[in-house]
Amino acid sequence: MKSKKNFRPESLMMSYGYKPELSEGAIKSPIFQTSTFMFKNAEEGKAFFELAYGLREKEQDEELGLIYSRINNPDLEILEDRLALWDEADDCAVFESGMSAITTAMLEFLKPGDLLLHSAPLYGGTDHFIHHFLKKIGVHSVSFRAGQNREQIDEVLEKTGMADRLAMIYIETPANPTNSIIDIACCREIADAHQTEESQVYVAVDNTYMGPLWQHPLKHGADLVLYSATKFIGGHSDVIAGACCGSDEVMKRIKTLRTFLGNMASPHTGWLLMRSLETLKVRMEQQCLNAQKVAAFLNDHPKVTNVNYLGLIPEDSSDYEIYQRQYESPGAMLSFDIDGGEKEAYRFLNALVLVKLAVSLGSTESLAEHPATMTHAGVDPDHRREFGVTESLVRLSVGIEFIDDLLWDLEQALEKV
Ligand SMILES: *Cc1c(COP(=O)(O)O)cnc(C)c1O
(Lines give C-alpha, C1' and ligand atoms only; values in the text may rest on other atoms or scores of the structure.)
Protein backbone atom coordinates (compact mmCIF):
# COMPACT_ATOMS: atom_id res chain seq x y z
CA MET A 1 0.00 0.00 0.00
CA LYS A 2 1.18 3.50 -0.77
CA SER A 3 1.93 5.50 2.32
CA LYS A 4 0.07 8.76 2.72
CA LYS A 5 1.85 11.49 0.86
CA ASN A 6 2.99 14.61 2.63
CA PHE A 7 0.81 17.10 0.81
CA ARG A 8 1.99 20.68 0.51
CA PRO A 9 0.00 23.37 2.35
CA GLU A 10 -1.49 24.72 -0.89
CA SER A 11 -2.96 21.27 -1.58
CA LEU A 12 -4.53 21.13 1.86
CA MET A 13 -6.08 24.61 2.09
CA MET A 14 -9.37 23.44 0.57
CA SER A 15 -10.09 20.56 2.94
CA TYR A 16 -7.64 20.09 5.80
CA GLY A 17 -9.14 19.72 9.25
CA TYR A 18 -12.75 19.70 8.05
CA LYS A 19 -14.99 16.61 8.26
CA PRO A 20 -17.94 16.89 5.82
CA GLU A 21 -19.75 14.03 7.59
CA LEU A 22 -20.18 16.27 10.63
CA SER A 23 -21.94 18.93 8.50
CA GLU A 24 -24.49 17.08 6.33
CA GLY A 25 -21.78 16.41 3.73
CA ALA A 26 -21.34 20.10 2.91
CA ILE A 27 -18.16 20.34 0.83
CA LYS A 28 -17.20 23.56 2.60
CA SER A 29 -17.31 24.30 6.26
CA PRO A 30 -20.53 26.15 7.13
CA ILE A 31 -20.29 29.29 9.24
CA PHE A 32 -20.93 28.02 12.75
CA GLN A 33 -22.79 31.16 13.74
CA THR A 34 -23.47 30.05 17.28
CA SER A 35 -22.32 31.29 20.66
CA THR A 36 -22.60 28.00 22.54
CA PHE A 37 -22.57 24.22 21.96
CA MET A 38 -24.82 21.55 23.48
CA PHE A 39 -23.21 18.81 25.57
CA LYS A 40 -24.45 15.23 25.09
CA ASN A 41 -24.65 14.87 28.85
CA ALA A 42 -23.36 16.49 32.02
CA GLU A 43 -20.35 14.13 32.20
CA GLU A 44 -19.24 15.31 28.77
CA GLY A 45 -19.58 18.95 29.82
CA LYS A 46 -17.42 18.23 32.86
CA ALA A 47 -14.75 16.49 30.75
CA PHE A 48 -14.61 19.39 28.26
CA PHE A 49 -14.18 21.96 31.03
CA GLU A 50 -11.47 19.92 32.76
CA LEU A 51 -9.40 20.22 29.58
CA ALA A 52 -10.32 23.83 28.87
CA TYR A 53 -9.20 24.90 32.33
CA GLY A 54 -6.15 22.64 32.42
CA LEU A 55 -7.46 20.62 35.40
CA ARG A 56 -6.09 17.42 33.84
CA GLU A 57 -3.86 16.34 30.95
CA LYS A 58 -5.34 15.31 27.59
CA GLU A 59 -5.96 11.59 27.11
CA GLN A 60 -4.29 10.14 24.04
CA ASP A 61 -6.02 11.46 20.86
CA GLU A 62 -8.45 13.47 22.96
CA GLU A 63 -9.36 16.85 21.50
CA LEU A 64 -10.89 19.79 23.29
CA GLY A 65 -14.67 19.51 22.87
CA LEU A 66 -16.74 22.45 21.68
CA ILE A 67 -17.94 24.58 24.60
CA TYR A 68 -18.50 28.26 23.83
CA SER A 69 -17.34 30.40 20.89
CA ARG A 70 -15.02 32.56 22.97
CA ILE A 71 -13.06 29.39 23.82
CA ASN A 72 -13.43 27.49 20.53
CA ASN A 73 -15.53 27.32 17.38
CA PRO A 74 -15.16 24.98 14.36
CA ASP A 75 -14.49 27.81 11.89
CA LEU A 76 -11.60 29.07 14.02
CA GLU A 77 -10.23 25.62 14.81
CA ILE A 78 -10.14 24.53 11.16
CA LEU A 79 -8.63 27.86 10.11
CA GLU A 80 -5.97 27.60 12.84
CA ASP A 81 -5.04 24.06 11.77
CA ARG A 82 -4.62 25.28 8.19
CA LEU A 83 -2.65 28.40 9.07
CA ALA A 84 -0.24 26.41 11.24
CA LEU A 85 0.75 24.29 8.20
CA TRP A 86 2.54 27.14 6.41
CA ASP A 87 4.92 27.79 9.30
CA GLU A 88 5.05 24.11 10.32
CA ALA A 89 3.92 25.32 13.73
CA ASP A 90 2.35 23.06 16.36
CA ASP A 91 -0.58 25.40 16.75
CA CYS A 92 -2.05 28.75 15.80
CA ALA A 93 -4.51 31.21 17.35
CA VAL A 94 -6.56 33.69 15.34
CA PHE A 95 -7.60 37.09 16.61
CA GLU A 96 -9.99 39.86 15.69
CA SER A 97 -7.03 41.98 14.45
CA GLY A 98 -3.27 41.89 13.96
CA MET A 99 -2.96 44.31 16.86
CA SER A 100 -4.84 41.98 19.20
CA ALA A 101 -2.50 39.09 18.24
CA ILE A 102 0.56 41.27 18.91
CA THR A 103 -0.68 42.82 22.17
CA THR A 104 -1.86 39.46 23.53
CA ALA A 105 1.58 37.94 22.86
CA MET A 106 3.31 40.87 24.57
CA LEU A 107 0.99 40.81 27.58
CA GLU A 108 1.46 37.07 28.03
CA PHE A 109 5.27 37.07 27.90
CA LEU A 110 6.15 40.42 29.50
CA LYS A 111 5.60 41.59 33.08
CA PRO A 112 6.41 44.82 34.92
CA GLY A 113 10.18 45.26 35.33
CA ASP A 114 11.02 43.22 32.20
CA LEU A 115 13.03 44.56 29.29
CA LEU A 116 11.80 44.30 25.70
CA LEU A 117 14.36 44.66 22.90
CA HIS A 118 12.77 45.55 19.57
CA SER A 119 13.77 46.43 16.05
CA ALA A 120 12.96 49.89 14.70
CA PRO A 121 11.02 51.14 12.86
CA LEU A 122 7.98 49.10 13.91
CA TYR A 123 4.39 49.15 12.73
CA GLY A 124 2.84 52.32 14.23
CA GLY A 125 0.28 50.50 16.38
CA THR A 126 2.91 48.18 17.83
CA ASP A 127 5.23 51.13 18.49
CA HIS A 128 2.45 52.98 20.31
CA PHE A 129 1.54 49.98 22.46
CA ILE A 130 5.18 49.51 23.54
CA HIS A 131 5.91 53.18 24.24
CA HIS A 132 2.61 54.09 25.89
CA PHE A 133 0.77 51.12 27.34
CA LEU A 134 3.68 48.80 28.20
CA LYS A 135 5.67 51.74 29.54
CA LYS A 136 2.75 52.68 31.79
CA ILE A 137 2.71 49.21 33.35
CA GLY A 138 6.49 49.27 33.91
CA VAL A 139 7.78 47.22 30.96
CA HIS A 140 11.03 48.81 29.72
CA SER A 141 12.02 48.85 26.07
CA VAL A 142 15.04 49.60 23.94
CA SER A 143 15.43 49.47 20.17
CA PHE A 144 18.01 48.55 17.56
CA ARG A 145 18.11 49.15 13.82
CA ALA A 146 18.43 46.81 10.86
CA GLY A 147 22.09 46.72 9.85
CA GLN A 148 23.42 46.68 13.42
CA ASN A 149 25.50 43.57 14.08
CA ARG A 150 25.59 41.28 17.12
CA GLU A 151 28.23 43.36 18.94
CA GLN A 152 26.33 46.60 18.37
CA ILE A 153 23.05 45.10 19.58
CA ASP A 154 24.80 43.66 22.66
CA GLU A 155 26.13 47.15 23.32
CA VAL A 156 22.62 48.63 23.07
CA LEU A 157 21.45 46.05 25.61
CA GLU A 158 24.34 46.58 28.04
CA LYS A 159 23.82 50.35 28.00
CA THR A 160 20.34 49.91 29.49
CA GLY A 161 21.85 48.39 32.65
CA MET A 162 18.91 45.96 32.57
CA ALA A 163 20.19 43.30 30.18
CA ASP A 164 19.60 40.65 32.84
CA ARG A 165 15.89 41.47 32.70
CA LEU A 166 15.57 40.87 28.95
CA ALA A 167 12.35 38.88 28.40
CA MET A 168 11.51 39.33 24.72
CA ILE A 169 13.11 40.29 21.43
CA TYR A 170 10.45 41.56 19.05
CA ILE A 171 11.28 42.19 15.41
CA GLU A 172 9.72 43.13 12.12
CA THR A 173 11.65 41.97 9.09
CA PRO A 174 11.63 43.22 6.38
CA ALA A 175 10.92 46.56 8.05
CA ASN A 176 7.98 48.62 6.92
CA PRO A 177 8.31 50.73 4.72
CA THR A 178 12.03 50.49 3.90
CA ASN A 179 12.43 46.71 3.43
CA SER A 180 15.60 46.67 5.56
CA ILE A 181 16.15 43.15 6.92
CA ILE A 182 17.11 41.66 10.28
CA ASP A 183 18.82 38.35 10.99
CA ILE A 184 16.39 36.21 13.04
CA ALA A 185 19.05 33.59 13.89
CA CYS A 186 21.23 36.35 15.36
CA CYS A 187 18.30 37.47 17.56
CA ARG A 188 17.95 33.85 18.74
CA GLU A 189 21.65 33.84 19.73
CA ILE A 190 21.18 37.04 21.73
CA ALA A 191 18.09 35.57 23.42
CA ASP A 192 19.97 32.36 24.27
CA ALA A 193 22.85 34.34 25.73
CA HIS A 194 20.47 36.11 28.12
CA GLN A 195 18.12 33.36 29.19
CA THR A 196 18.47 31.30 32.32
CA GLU A 197 16.75 28.15 33.57
CA GLU A 198 14.12 30.26 35.31
CA SER A 199 13.58 32.99 32.76
CA GLN A 200 13.27 32.37 29.07
CA VAL A 201 13.81 35.08 26.45
CA TYR A 202 11.18 34.79 23.71
CA VAL A 203 11.86 35.81 20.12
CA ALA A 204 8.74 37.14 18.36
CA VAL A 205 8.60 38.05 14.67
CA ASP A 206 5.90 40.09 12.95
CA ASN A 207 5.82 38.21 9.64
CA THR A 208 3.02 40.23 8.03
CA TYR A 209 5.20 41.51 5.17
CA MET A 210 6.42 38.14 3.88
CA GLY A 211 4.38 35.42 5.44
CA PRO A 212 3.23 32.86 5.58
CA LEU A 213 4.79 31.95 2.23
CA TRP A 214 8.18 33.59 1.94
CA GLN A 215 9.69 33.70 5.43
CA HIS A 216 9.38 31.03 8.15
CA PRO A 217 10.70 32.57 11.37
CA LEU A 218 10.25 29.41 13.50
CA LYS A 219 12.87 27.67 11.34
CA HIS A 220 15.36 30.41 12.18
CA GLY A 221 14.83 30.19 15.93
CA ALA A 222 11.78 32.39 16.63
CA ASP A 223 9.29 31.26 19.29
CA LEU A 224 6.31 33.25 18.04
CA VAL A 225 5.20 34.31 14.57
CA LEU A 226 2.65 37.10 14.39
CA TYR A 227 0.45 38.20 11.52
CA SER A 228 -1.89 40.91 10.59
CA ALA A 229 -4.17 38.52 8.66
CA THR A 230 -5.80 41.68 7.30
CA LYS A 231 -2.92 41.78 4.79
CA PHE A 232 -1.73 38.87 2.57
CA ILE A 233 -3.61 36.14 4.45
CA GLY A 234 -7.00 37.87 4.06
CA GLY A 235 -5.79 39.35 0.79
CA HIS A 236 -8.96 41.10 -0.40
CA SER A 237 -9.07 44.26 1.75
CA ASP A 238 -12.38 43.16 3.26
CA VAL A 239 -11.56 41.80 6.71
CA ILE A 240 -9.53 42.75 9.80
CA ALA A 241 -7.89 39.80 11.59
CA GLY A 242 -4.68 38.54 13.17
CA ALA A 243 -2.87 35.31 13.94
CA CYS A 244 -0.09 33.91 16.11
CA CYS A 245 1.77 30.62 15.49
CA GLY A 246 4.24 28.69 17.64
CA SER A 247 4.93 25.55 19.67
CA ASP A 248 2.24 23.84 21.74
CA GLU A 249 3.87 25.24 24.86
CA VAL A 250 3.69 28.92 23.88
CA MET A 251 0.35 28.61 22.10
CA LYS A 252 -1.31 27.11 25.16
CA ARG A 253 -0.41 30.30 27.04
CA ILE A 254 -1.50 32.56 24.17
CA LYS A 255 -4.84 30.77 23.78
CA THR A 256 -5.53 30.89 27.51
CA LEU A 257 -4.98 34.65 27.63
CA ARG A 258 -7.10 35.04 24.48
CA THR A 259 -9.95 33.23 26.24
CA PHE A 260 -9.86 35.77 29.05
CA LEU A 261 -9.24 38.88 26.95
CA GLY A 262 -11.99 37.66 24.65
CA ASN A 263 -10.27 38.92 21.49
CA MET A 264 -10.70 35.83 19.29
CA ALA A 265 -11.96 36.25 15.74
CA SER A 266 -15.66 35.70 14.98
CA PRO A 267 -16.89 32.58 13.14
CA HIS A 268 -17.66 34.72 10.08
CA THR A 269 -14.12 36.14 10.03
CA GLY A 270 -12.78 32.59 10.36
CA TRP A 271 -14.86 31.50 7.40
CA LEU A 272 -13.73 34.46 5.28
CA LEU A 273 -10.08 33.68 6.02
CA MET A 274 -10.54 30.01 5.11
CA ARG A 275 -11.87 31.16 1.78
CA SER A 276 -8.83 33.44 1.38
CA LEU A 277 -6.38 30.66 2.22
CA GLU A 278 -7.49 28.57 -0.76
CA THR A 279 -5.94 31.13 -3.13
CA LEU A 280 -3.14 32.39 -0.86
CA LYS A 281 -0.29 30.84 -2.83
CA VAL A 282 -1.49 31.76 -6.32
CA ARG A 283 -2.28 35.30 -5.21
CA MET A 284 1.05 35.87 -3.49
CA GLU A 285 3.06 34.31 -6.32
CA GLN A 286 1.35 36.50 -8.90
CA GLN A 287 1.84 39.56 -6.69
CA CYS A 288 5.56 38.76 -6.46
CA LEU A 289 5.92 38.25 -10.24
CA ASN A 290 4.30 41.64 -10.78
CA ALA A 291 6.41 43.26 -8.04
CA GLN A 292 9.66 42.05 -9.61
CA LYS A 293 8.68 43.68 -12.91
CA VAL A 294 7.51 46.86 -11.20
CA ALA A 295 10.79 47.07 -9.23
CA ALA A 296 12.86 46.67 -12.42
CA PHE A 297 10.77 49.32 -14.18
CA LEU A 298 11.10 51.83 -11.32
CA ASN A 299 14.80 51.11 -10.91
CA ASP A 300 15.40 52.19 -14.53
CA HIS A 301 13.13 55.24 -14.40
CA PRO A 302 14.87 58.64 -14.50
CA LYS A 303 12.40 60.20 -12.02
CA VAL A 304 13.03 57.49 -9.40
CA THR A 305 16.22 57.93 -7.34
CA ASN A 306 16.10 54.81 -5.16
CA VAL A 307 14.09 51.55 -4.99
CA ASN A 308 13.88 49.48 -1.77
CA TYR A 309 13.10 45.92 -2.83
CA LEU A 310 14.57 42.64 -1.61
CA GLY A 311 15.17 41.57 -5.21
CA LEU A 312 17.52 44.53 -5.67
CA ILE A 313 19.82 43.90 -2.68
CA PRO A 314 23.41 44.05 -4.06
CA GLU A 315 25.16 40.66 -3.99
CA ASP A 316 28.26 42.10 -2.33
CA SER A 317 26.37 43.52 0.69
CA SER A 318 26.08 41.84 4.10
CA ASP A 319 22.29 41.91 3.73
CA TYR A 320 22.49 39.62 0.72
CA GLU A 321 23.66 36.68 2.84
CA ILE A 322 20.72 37.19 5.25
CA TYR A 323 18.34 37.54 2.31
CA GLN A 324 19.52 34.24 0.79
CA ARG A 325 19.32 32.37 4.07
CA GLN A 326 16.05 33.78 5.43
CA TYR A 327 13.78 34.53 2.46
CA GLU A 328 12.26 32.37 -0.24
CA SER A 329 11.21 35.25 -2.48
CA PRO A 330 11.76 39.01 -2.86
CA GLY A 331 8.08 39.57 -2.00
CA ALA A 332 5.44 41.98 -3.25
CA MET A 333 6.18 45.08 -1.15
CA LEU A 334 8.44 47.88 -2.29
CA SER A 335 9.11 51.53 -1.63
CA PHE A 336 10.90 54.10 -3.74
CA ASP A 337 12.06 57.70 -3.73
CA ILE A 338 10.75 60.03 -6.37
CA ASP A 339 13.17 62.72 -7.53
CA GLY A 340 12.05 65.67 -5.37
CA GLY A 341 10.16 65.84 -2.07
CA GLU A 342 6.64 65.64 -0.68
CA LYS A 343 5.20 67.75 -3.51
CA GLU A 344 6.53 65.41 -6.20
CA ALA A 345 5.46 62.30 -4.26
CA TYR A 346 1.93 63.72 -3.89
CA ARG A 347 1.75 64.61 -7.56
CA PHE A 348 2.57 61.00 -8.41
CA LEU A 349 0.08 59.55 -5.90
CA ASN A 350 -2.71 61.86 -7.03
CA ALA A 351 -2.17 60.94 -10.68
CA LEU A 352 -2.54 57.16 -10.22
CA VAL A 353 -5.57 55.65 -11.93
CA LEU A 354 -5.48 51.87 -11.47
CA VAL A 355 -3.36 51.78 -8.29
CA LYS A 356 -5.41 53.01 -5.35
CA LEU A 357 -4.22 55.58 -2.80
CA ALA A 358 -4.72 53.81 0.53
CA VAL A 359 -2.81 52.34 3.47
CA SER A 360 -2.82 48.56 4.17
CA LEU A 361 -1.07 46.04 1.96
CA GLY A 362 -0.97 42.50 0.61
CA SER A 363 -4.29 42.68 -1.18
CA THR A 364 -5.30 41.68 -4.71
CA GLU A 365 -5.42 45.34 -5.74
CA SER A 366 -2.28 47.48 -5.82
CA LEU A 367 -2.14 50.16 -3.11
CA ALA A 368 0.19 53.17 -2.80
CA GLU A 369 0.72 55.58 0.10
CA HIS A 370 3.11 58.22 1.48
CA PRO A 371 4.70 56.82 4.68
CA ALA A 372 6.12 60.14 6.02
CA THR A 373 2.68 61.77 6.21
CA MET A 374 0.44 58.69 6.50
CA THR A 375 1.48 55.34 8.09
CA HIS A 376 4.59 56.82 9.75
CA ALA A 377 3.28 60.34 10.52
CA GLY A 378 3.47 59.53 14.25
CA VAL A 379 7.18 58.64 14.14
CA ASP A 380 9.60 61.29 15.41
CA PRO A 381 10.91 63.21 12.31
CA ASP A 382 14.57 62.60 13.27
CA HIS A 383 13.96 58.88 13.55
CA ARG A 384 12.06 58.93 10.27
CA ARG A 385 15.08 60.39 8.48
CA GLU A 386 17.44 57.97 10.21
CA PHE A 387 15.39 55.01 8.97
CA GLY A 388 15.17 56.35 5.41
CA VAL A 389 11.50 57.38 5.57
CA THR A 390 12.04 60.50 3.44
CA GLU A 391 9.55 63.09 2.15
CA SER A 392 9.94 61.65 -1.34
CA LEU A 393 9.30 58.01 -0.34
CA VAL A 394 6.26 56.18 -1.72
CA ARG A 395 5.25 52.69 -0.54
CA LEU A 396 3.68 50.32 -3.01
CA SER A 397 1.90 47.03 -2.35
CA VAL A 398 1.71 45.22 -5.67
CA GLY A 399 -1.51 43.37 -6.56
CA ILE A 400 -2.54 40.84 -9.20
CA GLU A 401 -3.51 43.21 -12.01
CA PHE A 402 -2.23 42.64 -15.58
CA ILE A 403 1.37 43.81 -15.44
CA ASP A 404 1.23 46.06 -18.53
CA ASP A 405 -1.73 47.93 -17.03
CA LEU A 406 0.21 48.48 -13.80
CA LEU A 407 3.32 49.69 -15.63
CA TRP A 408 1.19 51.98 -17.79
CA ASP A 409 -0.32 53.53 -14.66
CA LEU A 410 3.04 54.05 -12.94
CA GLU A 411 4.55 55.52 -16.11
CA GLN A 412 1.74 58.02 -16.71
CA ALA A 413 1.75 59.09 -13.03
CA LEU A 414 5.53 59.58 -13.08
CA GLU A 415 5.14 61.69 -16.23
CA LYS A 416 2.96 64.12 -14.20
CA VAL A 417 5.80 64.66 -11.69
C1 LIG B 1 -1.33 46.11 9.55
C2 LIG B 1 -0.19 45.65 10.36
C3 LIG B 1 -0.34 45.35 11.72
C4 LIG B 1 -1.66 45.55 12.47
O5 LIG B 1 -2.64 44.68 12.00
P6 LIG B 1 -4.23 45.01 12.08
O7 LIG B 1 -4.82 43.81 11.43
O8 LIG B 1 -4.45 46.29 11.34
O9 LIG B 1 -4.57 45.14 13.51
C10 LIG B 1 0.78 44.89 12.41
N11 LIG B 1 1.98 44.74 11.81
C12 LIG B 1 2.16 45.03 10.50
C13 LIG B 1 3.51 44.85 9.90
C14 LIG B 1 1.08 45.49 9.73
O15 LIG B 1 1.28 45.79 8.45
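Residues numbered from 1 in each chain as written. Predicted model: local features only at pLDDT ≥ 70, side-chain atom pairs only at ≥ 80, totals over all residues. Heavy atoms only, no water.

1. Observations concerning the overall build of the protein
Of the regular secondary structure elements, the protein holds 14 helices and twelve strands. For the protein, whose C-alpha radius of gyration is 22 Å, the value lies close to the compact-globule estimate of 22 Å for 417 residues. Along the longest, intermediate and shortest principal axes, the C-alpha atoms of the protein span 75 × 55 × 45 Å. Considering the protein as a whole, with its 417 residues, one finds that 53% of them fall into the buried category. (Helix = DSSP H or I, 4+ residues; strand = E, 2+ residues; numbered from the N terminus. Rg over C-alpha atoms; globule rule 2.2 N^0.38 Å. Buried < 20%, exposed > 50% of the residue type's maximum accessible area, 1.4 Å probe, protein only.)

2. Considerations on the domain arrangement of the protein
By domain assignment, the protein separates into domain 1 (74-277) and domain 2 (280-415). Just the C-alpha atoms count here: the centres of domain 1 and domain 2 sit 24 Å apart. Taken residue by residue, the interface counts 34 residues in domain 1 and 40 residues in domain 2. Here domain 1 packs against domain 2, burying approximately 3,200 Å² in sum over the two surfaces, 62% of which is carbon and sulfur. Among the residues domain 1 hides against domain 2, the three largest losses belong to Ile-181, Trp-214 and Phe-232. Together they make up 24% of the total. Inspection of the region where domain 1 meets domain 2 yields two salt bridges. (Domains from an automatic or database assignment. Contact = heavy atoms within 4.5 Å. Buried area = accessible area lost by both parts, 1.4 Å probe. Salt bridge = Lys/Arg side-chain N within 4 Å of Asp/Glu carboxyl O.)

3. Focus on the site of the ligand
Taken together, Ser-97, Gly-98, Met-99, Ile-102, Tyr-123, Asp-206, Thr-208, Ser-228, Thr-230, Lys-231, Ala-241 and Leu-361 form the complete shell of residues around the ligand. Within the contact set of the ligand, an oxygen atom lies 2.8 Å away from a backbone nitrogen or oxygen of Met-99. One of the side-chain N or O atoms of Lys-231 is found 2.7 Å from an oxygen atom in the ligand. Look at the ligand: alone it shows 380 Å² of surface, and the protein chains cover 93% of it. (Near = heavy atom within 4 Å. Polar contact = N/O pair within 3.5 Å; in protein donor to acceptor, adjacent residues only side chain to side chain. Areas by Shrake-Rupley, 256 points an atom, 1.4 Å probe, with all protein chains shown as cover.)

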